[in-house]
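Here is how the chains run, residue by residue.
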Amino acid sequence: MSTSVYSRYRAAFAQALAGALGVPAADIEPQVKPADPAHGDLSFATFPLAKAQKKAPPAIAAQLAQALQVPGLEVKAVGPYVNARFLPLPFTQEVIDGVRLAGLAYGSDAEDGKGKTVVIDYSSPNIAKPIGFHHIRTTFLGHCIANLYRALGWRVEGVNYLGDWGKQFGLVAVGFQEFGKEELREDMAHLVQVYVQANKRAGEDPAFDEKAREFFRRMEAGDAEAMKLWNQFRETSLKGFKRVYARMGIDFEHIEGESRYQGKMDAVIEQIAKKPGVKESQGAIIVDMPYADGEPPVLLKKNDGSTLYATRDLAAAEDRHARFNFDKSLYVVAQDQALHFRQVFRTLTEMGQPWADKCVHVPFGRIHGMSTRKGQVVELDQVLDEAKERVLQRVKENVAQGNLETTDAEALAEQIGLGAIVFGDLKHNRASDYTFDWDEVTSLEGHTGPYLQYAHARSANVLRKGGGVPTAYDPSLLTLPEEQALVRELMRLPDTVKAAAEQYEPSLVARLLLDVAAAYSRYYTAGNKDRDKRILVEGNDAVRAARLALTDATRITLAAGLTLLGIPTPENM
């Protein structure tokens, strides 16, 4: 397993402290924290030692600091803290060379999850409906979490678990019989229109609603005519879905749906009947286990004999463990479904499944305020269209003004527009709600995807103007405060990737990239104020080469991080 530069220095500092204190390093390492940047990079507080040593913490810190000698670190006492600062060498060279050697794999660790498998259930649209804007969070979060686990060497089994079973399909089927046009049977947009009409009609006409329920019962019974219609509509939906996913650069190891478990659910119910047991409640079959006051029971079959989401999710969990023998099984689904998953996982535990605790619900908050120039919209494809349209206008303006050269303004606008929408979601803590704002997400300034893409393009442009990537450089020449601050931001990506995967929190990577971009911007801007600080400094080829090497490491770090988030990395903006 590879170790990041930061982790190696932190471990060395902890080992030295442990040796001086005569305790195991494992006891000290959790107490080593990031320091106040004004005083160093690592910090160890001596307060817990005061009682045992019967000394004031500042005196303990001073004694410890004097006793420590750690290669590559300058150790000093600051009040009650023992602080360590990375010496410019070999630290600077280790970070830059590590980034450049890894390339786009920087931040990855193929050994970390070697031999482990994670199943990730995400996106999951319903057939005969478009991929709606409300799918943005499950789709982008799931895709990024999958990328993070792949980067850490896990085998990822991404599952797009389609809503292709249930009464809603009965609505599409009977709706098509009444409102559909035969010549448009394979037109996704027409199926959506049919579903909207059928859903409205069902709410007004109980007899029509009952026809939909009856059609679904026919499906569950394996009726040939019903299944033929279901297959045709499912294929039409899949074609539409795949086009949108391709546009977003998203692919799945498995596209399957609730229908996969048709015919398998009775076996699961029989298994539950043995342990923990089932019982009848108002004609329905429920899991027989204790429930909290006011908690609804886990329904396995309704009184008409049809199955429910819980039944199918239980069958799916068992099937996935049998197929993949997973070490983790993640469900990237909205916070609204928290009770559902708690009950499903609890049922698996009550069944005696030893792997039940490997199943994890990864919840997320809601998006508010979504609207477009065309009014309220639900289709994700239309949101991407509008993002492209808004960006394209700016791209053409910049081309006309001579500020941008591109051979394909449409393609560039598509990349920037997609980056705006993806980053606009992933920068938020997944558990939080947020309000969508068009002007904010498409801005070239602030905490946005286009801002990061621009930072990447700017670093690539500096390299082009500087004659390309230097093959050799002298890291001892990178002594400016802006340079050292930037190197410290670049250092953080490997540890951030691991933390983001462990916490299922892509926003950690998003926020780090903003820090990298901001540090590079300060570095670049410093050269505008002081010619000696310019990256492409004149009259000193050695300094110029060192600064280009740092710029190359910056470009790679931004590209690696953006790729993990699923964001394109244009080299010219």
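Each remark here, short or long, concerns the structure printed above.
Small disclaimer: the values here were computed from a predicted structure and weren't measured.

(A) Just the packing of helix H17 (residues 449-465) against helix H21 (residues 541-565), in detail. In the contact formed by H17 and H21, the axes pass within 9 Å of each other and the chain directions differ by 145°. The chirality of how H17 crosses H21 is left-handed. Facing H17, whose interface residues are Leu452, Ala455, His456, Ser459, Ala460, Val462, Leu463 and Lys465, H21 presents Arg544, Leu548, Thr551, Asp552, Arg555, Leu558, Ala559 and Leu562. Across the contact of H17 with H21, the residue classes break down as nine nonpolar, three polar and four charged.

(B) Focus on the sheet that holds strand E9 (residues 284-287). Pairing is antiparallel across the open sheet formed by three strands, whose spatial order is E8-E9-E10. In the strand order of this sheet, the two ends are held by strand E8 (278-281) and strand E10 (299-301), each with one partner. The average angle at which neighbouring strand axes cross in this sheet is 40°, direction not considered. Summarising the sheet, E8 and E9 pair through four bridges and their orientation is antiparallel.

(C) Structural detail: the nonpolar core. Judged by nonpolar contacts, the single largest core of 137 residues is most densely connected at Phe13 and Val82. Sorting elements by how many residues they give to this core places H21 first, with eleven residues. Counting 28 residues, the second largest nonpolar core, distinct from the first, contains Tyr161, Met265, Ala317 and Cys359.

(D) Looking closely at the pattern of salt bridges. Under the counting rule described, the total for this entry stands at 43 salt bridges. When salt bridges that share partners are traced, they join Arg243, Arg247, Asp381, Asp385 and Glu414 into one network.

The rules behind each value
Residues numbered from 1 in each chain as written. Predicted model: local features only at pLDDT ≥ 70, side-chain atom pairs only at ≥ 80, totals over all residues. Heavy atoms only, no water. Axes fitted to C-alpha atoms, helices over the stretch in contact; angles between N-to-C directions. Helix = DSSP H or I, 4+ residues; strand = E, 2+ residues; numbered from the N terminus. Left-handed = near helix turned anticlockwise from the far one by under 90°. Contact = heavy atoms within 4.5 Å. Nonpolar A, V, L, I, M, F, W, Y, C, P; charged D, E, K, R; others polar. Pairing = 2+ DSSP bridges. Core = buried A, V, L, I, M, F, W, Y, C linked by side-chain atoms within 4.5 Å. Buried < 20%, exposed > 50% of the residue type's maximum accessible area, 1.4 Å probe, protein only. Salt bridge = Lys/Arg side-chain N within 4 Å of Asp/Glu carboxyl O.

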